Amino acid sequence: DQQVKQNSPSLSVQEGRISILNCDYTNSMFDYFLWYKKYPAEGPTFLISISSIKDKNEDGRFTVFLNKSAKHLSLHIVPSQPGDSAVYFCAASEEGGNAGNMLTFGGGTRLMVKP
Amino acid sequence: DGGITQSPKYLFRKEGQNVTLSCEQNLNHDAMYWYRQDPGQGLRLIYYSQIVNDFQKGDIAEGYSVSREKKESFPLTVTSAQKNPTAFYLCASSVTPGWASGYTFGSGTRLTVV
């Protein structure tokens, strides 16, 4: 049973518009959430994170929103650029930062930003 | 430049063969991890090591083995017992075990059974 789910395998957006990537989780013990970006034939790179004590974290064009009651988080990219085209993974961790707590990843969403 | 290196980039395995994937890091990270990526499955944890000479099974350890004789190295062996080994394998490291935002990933090895 997948504890972290990204229900949209792909998303296509026009350059300059907003991209919204969604992620749902089932484990209520998760308290630290991350987004990773992955280009083909490369390893994922860390993009942005959020702790469960917050409901929003912003870094430039990227904003992550957390709705704990709905066990849902989303990544907003505004404005979207062609270089943002990649696979985005949502990940979650229990007691973030403590020893032995591993990341659980979602299945990924492929974002395509059209010029 | 510090980083994490996986080799080879592409690997072909015949049925019944064992193969070993290399993962080396010069980041002085204590913890290292192996993940497997299949389409639509996300990244699934195979093994992890929090310290030299110690490692733990992840969610899908069957058919795999690892060693951690040096801090810098965490090789993964895909044995003949692994029934469906064709996948993209990613190695990662972090300064401390469980430091979620501190994972550094290698560029991966694509293994194909021929």
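Residues numbered from 1 in each chain as written. Chains lettered and ligands numbered in written order. Predicted model: local features only at pLDDT ≥ 70, side-chain atom pairs only at ≥ 80, totals over all residues. Heavy atoms only, no water.

S.K.: Just checking my understanding: could you explain the overall build of chain B for this structure?
M.R.: Secondary structure assignment for chain B yields zero helices and 11 strands. Ordered by position in the sequence, the α and β elements of chain B form the string β-β-β-β-β-β-β-β-β-β-β. Relative to its length of 114 residues, chain B is compact, with a C-alpha radius of gyration of 13 Å against a globular reference of 13 Å. The dimensions of chain B, computed from C-alpha atoms along their principal axes, are 35 × 25 × 25 Å. In chain B, which comprises 114 residues, the proportion classed as buried is 50%. Within chain B, contacts between residues at least 6 apart in sequence are counted, and of these 55% link residues at least 24 apart. Computed over 11 positive and 10 negative side-chain charges, the separation of the two mean positions in chain B equals 7 Å. (Helix = DSSP H or I, 4+ residues; strand = E, 2+ residues; numbered from the N terminus. Rg over C-alpha atoms; globule rule 2.2 N^0.38 Å. Buried < 20%, exposed > 50% of the residue type's maximum accessible area, 1.4 Å probe, protein only. Contact = heavy atoms within 4.5 Å. Lys, Arg positive; Asp, Glu negative; His and termini not counted. Charge placed at Lys NZ, Arg CZ, Asp CG, Glu CD.)

S.K.: I tried to follow a nonpolar patch on the surface on my own but got confused; where do I start?
M.R.: Together, A:Ile18, A:Ile20 and A:Val78 make up an exposed nonpolar region whose accessible area comes to about 230 Å². Structurally, A:Val78 can be placed in the loop between β8 (72-77) and β9 (86-94). (Patch = residues over 30% accessible without salt bridge, like charges linked within 9 Å, V, L, I, M, F, W, Y side chains within 5 Å. Areas by Shrake-Rupley, 256 points an atom, 1.4 Å probe, with all protein chains shown as cover. Salt bridge = Lys/Arg side-chain N within 4 Å of Asp/Glu carboxyl O.)

S.K.: Help me understand the pattern of salt bridges, please; the structure alone is not making it clear to me.
M.R.: In a structure, side chains of opposite charge can pair up when their charged atoms sit close to one another. For the structure on display, the rule yields four salt bridges over all chains. In this structure, A:Arg61 engages A:Asp84 in a salt bridge whose closest nitrogen and oxygen atoms are separated by 2.8 Å. Taken together, the residues span a long stretch of sequence, with A:Arg61 in the loop between β6 (56-59) and β7 (62-67) and A:Asp84 in the loop between β8 and β9 at a distance of 23 residues. Of the residues examined, A:Asp84 reaches a relative accessible area of 2% and is grouped as buried. Between B:Arg36 and B:Asp38 there is a salt bridge, and its shortest N-O distance comes to 2.8 Å. Residue B:Arg36 is classed as buried on the basis of its relative accessible area, which comes to 4%. On the accessibility criterion, B:Asp38 (11% relative accessible area) is buried. What emerges from the salt-bridge pattern is a single network uniting B:Arg36, B:Asp38 and B:Arg44.

S.K.: Explain the pairing of strand β5 (residues 42-51) of chain B to me, please; I cannot follow it from the model alone.
M.R.: All names here are of chain B. Along β5, seven of the 10 residues are buried, which leaves the element largely enclosed by surrounding structure. In this sheet, β5 lies alongside strand β4 (residues 31-38) in antiparallel orientation, the contact comprising seven bridges. Among the inter-strand pairings, Tyr-35 is bridged to a residue of β5, identified as Leu-45. Taken together, the three bridges between β5 and strand β6 (residues 54-57) define a ladder with antiparallel strand orientation. Looking across to β6, one finds that Tyr-47 is bridged to Lys-57. In this antiparallel pair of consecutive strands, β5 and β6, the connection spans two residues, and Asn-53 shows a positive phi of 65°. (Pairing = 2+ DSSP bridges.)

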